[in-house]
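What follows is the residue order along each chain.
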Amino acid sequence: MECTIEFRVRYAETDQMKFAHHAAYIVWFEMARIELLRKIDLSYAQMERDGLLLPVLEVNARFYKPAFFDELLQIRARFNEIVKARLRIDYQVYRDEQRICEGYSVHAFMNCGGRPVRPPQFFLEKFRK
């Protein structure tokens, strides 16, 4: 399952060198992750209300080219795997067809009490479609 979002680099996301700051990419990954969940008909807000959390355990980004203010970018997010109580999502950031960054995030399935839980059946069913 894959999802692509498109957006423009905001001025506040750039640094003194006029590049999009590296921390902005993590926010962009989150934007794509939320849309990826929506694409399989899961609302992260509803999952939280139902007691399921997906905190970030690990995040990685590899940069190939800088992004600049007002550029139109695309982020492709894709479910990679679920292993026990962990989920990995891969990301690729493009300017036109040029890949400028790739990365991933690893998330735990957790209940509201902070305890790891196995992925719920409803999540696994949506993930496997």
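The preceding data block contains the structure.
Keep in mind that this is a model prediction, so the values were computed, not measured. (Residues numbered from 1 in each chain as written. Predicted model: local features only at pLDDT ≥ 70, side-chain atom pairs only at ≥ 80, totals over all residues. Heavy atoms only, no water.)

S.K.: Quick question: what am I supposed to make of the overall build of the chain here?
M.R.: What the chain contains, in helices and strands, is 3 helices and 7 strands. The order of helices and strands in the chain, counted from the N terminus, is β-α-α-β-β-β-β-β-β-α. For the chain, the C-alpha radius of gyration of 15 Å lies close to 14 Å, the compact-globule estimate for 129 residues. Counting only residues that meet the buried cut, the chain has 38% of its 129 residues in that class. Counting contacts in the chain only where the partners sit at least 6 residues apart, residues at least 24 apart contribute 63% of the total. Summed over all atoms, the accessible surface of the chain reaches about 7,700 Å², with 49% contributed by carbon and sulfur. A distance of 5 Å separates the average location of the 21 positive side-chain charges in the chain from that of its 18 negative side-chain charges. (Helix = DSSP H or I, 4+ residues; strand = E, 2+ residues; numbered from the N terminus. Rg over C-alpha atoms; globule rule 2.2 N^0.38 Å. Buried < 20%, exposed > 50% of the residue type's maximum accessible area, 1.4 Å probe, protein only. Contact = heavy atoms within 4.5 Å. Areas by Shrake-Rupley, 256 points an atom, 1.4 Å probe, with all protein chains shown as cover. Lys, Arg positive; Asp, Glu negative; His and termini not counted. Charge placed at Lys NZ, Arg CZ, Asp CG, Glu CD.)

S.K.: What am I meant to see in the pairing of strand β5 (residues 86-95) here?
M.R.: Regular strands have side chains that alternate between both faces of the sheet. Most of β5 is tucked away: 7 of the 10 residues are buried. Relative to β5, strand β4 (residues 72-83) is paired through 9 bridges, and the arrangement is antiparallel. Across the sheet, Arg-76 pairs through a bridge with Gln-92, a residue of β5. Following β4, the chain reverses through 2 residues before pairing antiparallel with β5; Lys-84 in that reversal takes a positive phi of roughly 55 degrees. Taken together, the 10 bridges between β5 and strand β6 (residues 98-108) define a ladder with antiparallel strand orientation. From the neighbouring strand, Gln-92 faces β6, where its bridge partner is Glu-102. (Pairing = 2+ DSSP bridges.)

S.K.: Which parts of the structure should I look at to understand the sheet that holds β4?
M.R.: Paired through their backbone hydrogen bonds, the strands of a sheet run either parallel or antiparallel. If you walk across this open sheet you meet the 5 strands as β1-β4-β5-β6-β3, and the pairing is antiparallel. Of all the strands in the sheet, the pair left with one neighbour each is β1 (2-8) and β3 (56-63). Neighbour-to-neighbour, the strand axes of this sheet turn through a mean angle of 20 degrees, independent of strand direction. Across 7 bridges, the pairing between β3 and β6 is antiparallel. (Axes fitted to C-alpha atoms, helices over the stretch in contact; angles between N-to-C directions.)

S.K.: Help me understand the packing of aromatic side chains in this model?
M.R.: What characterises a pair of aromatic rings is the spacing of the ring centres plus the angle enclosed by the ring planes. Summed over all chains, the structure comprises 8 aromatic pairs. Between Phe-79 and Phe-123, the aromatic rings sit 6.4 Å apart at their centres with planes inclined by 80 degrees, giving edge-to-face as the arrangement. Of this pair, Phe-79 sits in strand β4 while Phe-123 sits in helix α3 (residues 121-128), and the two are 44 residues apart along the sequence. Taking the centre distance of 5.1 Å and the plane angle of 80 degrees together, the rings of Phe-109 and Phe-123 count as edge-to-face. Taken as a pair, Phe-109 in the loop between β6 and β7 (110-111) and Phe-123 in helix α3 lie far apart in primary sequence, 14 residues in all. Neither residue differs from the other here; Phe-109 and Phe-123 are each classed as buried. Taken together, the ring pairs in this structure connect Phe-7, Tyr-25, Trp-28 and Phe-63 into an aromatic cluster. (Phe/Tyr/Trp six-rings, centres within 6.5 Å; stacked < 30°, edge-to-face > 60°.)

S.K.: Looking at this model, I keep getting lost on unusual backbone geometry. Mind explaining?
M.R.: Negative phi characterises most residues that are not glycine, and trans characterises most peptide bonds. Not every positive phi belongs to a glycine, and Lys-18 is a case in point at roughly 75 degrees. Here Lys-18 shows up in the loop between β1 and α1 (22-39). According to the relative accessible area criterion, Lys-18 is exposed, its value standing at 58%. In this structure, Lys-84 takes a positive phi of about 55 degrees despite not being glycine. If you trace the backbone, Lys-84 turns up in the loop between β4 and β5.

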